[in-house]
Every structure is written in C-alpha cells, then in structure tokens.
Amino acid sequence: MKTVFHVLALFSVVSCRLFSQELASSLKIEALPSKRIVPTWSADPTAHRISGAKSFASDIFFGGFGGVLPVVNLRVDSILIQASAAATAYSSLTSSIAHIFALTTEYYVDGFADARISDRFMVRVGLGHTSHHLVDDAYRIYPGIVAINYARDYVMAGGIYSPQELRTQLYLLAYYNYRFRISSRHANGFIFQVGGEGIIYPLSESLILFAGFDLKLRGELGFGTSQNVQVGIRSSGEHGQTTRFAINYQSGLEERGQFYSQRVNFVSAGWYIEL
C-alpha cells in the first residue's frame, strides 16, 4: 500500500508539472497590440473616435475627440482576448450668435474586453461612466434652459457577429446602469443597443461604400428608442485605422443627456477618424 501511495504521489507531481507547462505554452501575451479586433461601430453617435458632423436642420455642429487603445492581447489556445481602454469627449457647438460657443459637453470613459471565440462570434464585457453637462454661454444665450444632473455608471455585456471574410458586423449589447441619476431621480437600470455595418459596394482596393445602423432602447423613458442610419465612404489602413465621410439620419430620443427626454429628427454630414 505504501508503494502504491508513492507511485500515485509521483504521478500527481509529474501530471501537475506537465499540465502547468501545457498551460504556459498555450498562453501568449502581447502588450499594446497594433490592431483592434472589433472595429468602431460606425453609426453609433457616441462611438469612441475623432469626429465632426454638421446638422442640416440647425446651426449645430457635433464634434468629438477620443479613441480606443488596445492595452493587451491574451491568446489561450484558439481564443483571443483583447482588453482595451477608451475615452471620448463630445461637444455640440452653435454659431447662432456673433461667435461660436459650446452648448453641451458629454464624455464617455470605458474599459472592456473582447473575446473572439470563433471565426464569426465575439463577446464583450466591460464597465464605464458617462456624464453630460451644459457649458459656456448656454445659460446666458438660452434663458429658459435648465441644467440637470445626468450621469451613469454601468456594466456592459453582449455579442458581436463579425465574419472576417465578409468584412461586416452585427452587435447586440445590454448596459446595466448600477448608478443612474437624472437630477434627484434614480433612473431605470437598463439600456439595450443593437446595430451593424455592411459593405454596399467596393469602389477600389482602399475605398468602400458602406452603410450602418444603430438603435438604442432607453429604460429611463419606457424603452423609447434613439436611432441613426449612416451611409458613406470609408478607407482603412494596414492596422485598421479608418477614415469615413458619411451622411447620417438621426431620429428618436436625444443622445445628449441634458435633453434626454426630447426628440430629434435631422440629417447631418460628417467625417470620422478611428485610430
């Protein structure tokens, strides 16, 4: 019996060492990877990127400055996981008076991980914060305007269908706002988002005519919707850097938290840089 115990103990030690070596050999780490595994969702008006868009229905210009930084890639066997940090500040500018001034500023800060589990499917989990404010001369120029305290802290989870050979994608995400304040009121916890992008026609090796859509269902207003449809031309670099020129049709509930209960319906033209 003692001999059997010794044999089993030796077998356990050898097995553990072999197993640990196998795990070590299957894990690959790459810091600051040069390419993102999930492209920017083009039709999302709050996507992380550098952008500028002019509304045809008013004098408002929407500007954004930010982006996504892939921090690390982890590859375990056939599964690739990419952790990223992202931040963008958006501002709506108007020139309805003698000079240009900022009406609102909204910023988004996110940390998330994307895992490619097959050639076609990925999952995303993460957390983030957004806060929306009136700024500059808004109080003076619009005497009737009233500032509110609009801020959300949230966790996110969802799936992405992205077959690499088709260069297209569809996504579905849920955001649970574990802290969501609109002035003195605590708002509903959930926002759902669905959207996608596809190729209409390849104009050349570097230029593509594309179309995208984005739809959000907002729990704070009975799951009323905000939607945007985008059509334009995009050009992508070797590492996924993308420039777009596009036309948008945006409708439904406002994306800007200071006007969250108001509705919009307008067309805009813009440029977008996704690094």
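Just above, that's the structure.
Since the structure is predicted, the reported quantities are computational estimates derived from the model, not experimental observations. Starting afresh in each chain, residues are numbered from 1 along the sequence in its written order. Since the coordinates come from a predicted model, pLDDT governs what is reported: local features require at least 70, and pairs of side-chain atoms require 80 or more to be given and counted, while whole-chain, interface and lining totals use all residues. Only hydrogens and water are set aside when side-chain values are computed; all heavy atoms of the structure are taken into account.

> Before we move on, can you summarise the nonpolar core with the specific residues and values?
We define a nonpolar core as any set of buried Ala, Val, Leu, Ile, Met, Phe, Trp, Tyr and Cys residues linked to one another through side-chain atoms lying within 4.5 Å. Partly exposed describes any residue whose relative accessible area lies between the buried limit of under 20% and the exposed limit of over 50%, with all areas from a 1.4 Å probe on protein chains only and scaled to the type maximum. Judged by nonpolar contacts, the single largest core of 17 residues is most densely connected at Val38, Trp41, Met156, Ile160, Leu173 and Tyr175. We count a stretch as a helix when DSSP gives it H or I for four or more residues in a row; a strand needs E for two or more, and each element gets its number in order from the N terminus. Contributing elements (two or more residues each) for this core: strand E4 (79-94), strand E5 (101-116), strand E7 (150-161) and strand E8 (169-182). The contact partners of isoleucine 160, leaving out residues within four places of it in the chain, are Val38, Trp41, Asp114, Arg120, Phe121, Met122, Arg124, Gln169, Leu170 and Tyr171. For this analysis, residues touch if any pair of their heavy atoms sits within 4.5 Å.

> Could you give an account of the environment of serine 251, naming the residues involved and the relevant values?
Among the secondary structure elements, serine 251 is positioned in strand E13 (residues 242-253). Residue classification places serine 251 among the buried residues on the basis of a relative accessible area of 12%. For serine 251 and serine 226, which are 25 residues apart along the polypeptide, the C-alpha to C-alpha distance reads 6.2 Å. Once residues lying within four places of it in the same chain are set aside, the contact partners of serine 251 are Ser226, Gln227, Val264 and Asn265.

> Summarise the side chain of serine 92; cite the residues concerned and give the values.
You can see serine 92 is positioned in strand E4. Of note is the side chain of serine 92, whose polar atom sits 2.5 Å from the side chain of threonine 104. Within the structure, serine 92 has its side chain in polar contact with the side chain of arginine 256 (distance 3.1 Å). Sequence-distant contacts of serine 92, that is, excluding residues within four places in its chain, are made with Ile60, Phe61, Phe62, Phe101, Ala102, Leu103, Thr104 and Arg256. For the purposes of these results, a polar contact is taken to be a pair of N or O atoms within 3.5 Å, where, inside protein, one atom must be able to donate a hydrogen and its partner to accept one; residues adjacent in sequence count only when each atom of the pair is a side-chain atom.

> I'd love a proper account of the packing of aromatic side chains, names of residues and values included.
Centres within 6.5 Å are what make two rings of Phe, Tyr or Trp a pair, Trp counting through its six-membered ring; a difference in plane orientation under 30 degrees is then read as stacked, over 60 as edge-to-face, and the rest as tilted. For the structure on display, the rule yields 10 aromatic pairs. Ring centres 5.4 Å apart and planes at 80 degrees place the aromatic pair tyrosine 150 and phenylalanine 180 in the edge-to-face group. Pair noted here: tyrosine 150 is in strand E7 and phenylalanine 180 is in strand E8, with a separation of 30 residues, a long-range link. Classification of tyrosine 150 by relative accessible area gives buried; the value is 2%. Judged by centre distance (5.9 Å) and plane angle (35 degrees), the ring pair of phenylalanine 192 and phenylalanine 223 falls under tilted. Note that phenylalanine 192 is positioned in strand E10 (residues 190-202) and phenylalanine 223 in the loop between strand E11 (207-218) and strand E12 (224-236), a separation of 31 residues in sequence. On the basis of relative accessibility, which here comes to 34%, the residue phenylalanine 223 falls in the partly exposed class. One aromatic cluster is present, built from ring pairs that chain together Tyr176, Phe190, Phe192 and Phe223.

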